[in-house]
Amino acid sequence: MNRAMSTRDGSHDFDFQTGRWHIRNERLVKRLQGCTEWETFDATLTARLLPGGLGNMDEYLTDHWPGFVGMSLRIYNRQAGTWSIYWASNQLGALEPPVVGSFENGVGVFEGRQELAGRPIVVRFTWSSITKTSARWEQGFSPDDGRTWEKNWIMTHTRIE
């Protein structure tokens, strides 16, 4: 669907995320290497809205990697009706290229081009099962321009009251 022709205002699609969350992470140990070993660990996330309806940002903390801090920055483009999601961590030291997309029927799909160990890939984030107290995020990588996908990270969010 052409978002420019849509009358839907998606600027509040990530409002659900505002607040504090416990996250159960399930993460593939190695990506795009035929690995089937998953690791699980806990994290917390605190999200807040940005001023003027610009979007939101969150802080992601886990003891899984000592001293690790990550953050997502989500910016809404009202003219295009799309979100750009940027990720940064103290391990990366920079913003990764964004994944871009929107929500339809309660599911958000966001894709972008990045590199993994010098190899071009397509990255997909999928948000689903969103309620006031829970949400699911999945990440997938494609080495072949989206023909095949490897799901490599699942986060199950539970709101901290």
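Description of the structure in this document. (Residues numbered from 1 in each chain as written. Predicted model: local features only at pLDDT ≥ 70, side-chain atom pairs only at ≥ 80, totals over all residues. Heavy atoms only, no water.)

Describing the nonpolar core
And then number 1: In terms of nonpolar packing, the biggest core is built from 28 residues, with Phe14, Tyr60, Phe110, Phe125, Trp127 and Trp153 touching the most fellow members.
And then number 2: Elements that contribute at least two residues to this core include exactly β1 (19-28), β2 (38-49), β5 (82-89), β6 (99-104), β8 (119-128), β9 (134-142) and β10 (150-159). (Core = buried A, V, L, I, M, F, W, Y, C linked by side-chain atoms within 4.5 Å. Buried < 20%, exposed > 50% of the residue type's maximum accessible area, 1.4 Å probe, protein only. Helix = DSSP H or I, 4+ residues; strand = E, 2+ residues; numbered from the N terminus.)

Side note on the pattern of salt bridges
And then number 1: Scanning all chains against the criterion turns up 8 salt bridges.
And then number 2: Salt-bridge contacts for Arg27 lead to Glu39; the nearest nitrogen and oxygen are separated by 2.9 Å. Of this pair, Arg27 sits in strand β1 while Glu39 is found in strand β2, placing the two residues 12 residues apart along the sequence.
And then number 3: Given the relative accessible area of 15%, Arg27 is considered buried.
And then number 4: The residue Arg113 makes a salt bridge to Asp145 at a minimum N-O spacing of 2.6 Å. Within this pair, whereas Arg113 is found in strand β7 (residues 107-116), its partner Asp145 is found in the loop between β9 and β10, the two being separated by 32 residues in sequence.
And then number 5: Each of Arg136, Glu138 and Lys151 takes part in salt bridges that share partners, so that together they form one network. (Salt bridge = Lys/Arg side-chain N within 4 Å of Asp/Glu carboxyl O.)

Quick word on the environment of Asp9
And then number 1: With respect to the helices and strands, Asp9 occurs in the segment before β1.
And then number 2: Apart from the residues within four sequence positions on either side, Asp9 is in contact with Tyr76 and Arg78.
And then number 3: Reaching out from Asp9, the side chain makes a polar contact with the side chain of Ser11 at a distance of 2.7 Å. (Contact = heavy atoms within 4.5 Å. Polar contact = N/O pair within 3.5 Å; in protein donor to acceptor, adjacent residues only side chain to side chain.)

Quick word on the packing of aromatic side chains
And then number 1: Under the defined criterion, the tally for this structure stands at 17 aromatic pairs.
And then number 2: Measuring from centroid to centroid gives 6.3 Å for Trp65 and Trp153, while their planes differ by 75 degrees, and the two rings are edge-to-face. With Trp65 in the loop between β3 (55-61) and β4 (69-77) and Trp153 in strand β10, this residue pair connects regions lying 88 residues apart in the sequence. Here Trp65 and Trp153 have matching classes, each one buried.
And then number 3: Residues Phe68 and Trp87 carry aromatic rings whose centres are separated by 6.5 Å and whose planes lie at 25 degrees to one another, so their mutual orientation is stacked. Of this pair, Phe68 sits in the loop between β3 and β4 while Trp87 sits in strand β5, and the two are 19 residues apart along the sequence. Note on accessibility: Phe68 and Trp87 belong to one class, buried.
And then number 4: Positioned above the aromatic ring of Phe14, the side-chain terminus of Arg74 is 4.9 Å from the ring centre.
And then number 5: Above the face of the Trp149 ring, Arg124 is positioned so that its terminal group lies 3.9 Å from the ring centre. (Phe/Tyr/Trp six-rings, centres within 6.5 Å; stacked < 30°, edge-to-face > 60°. Lys NZ or Arg CZ within 6 Å of the ring centre and 35° of its normal.)

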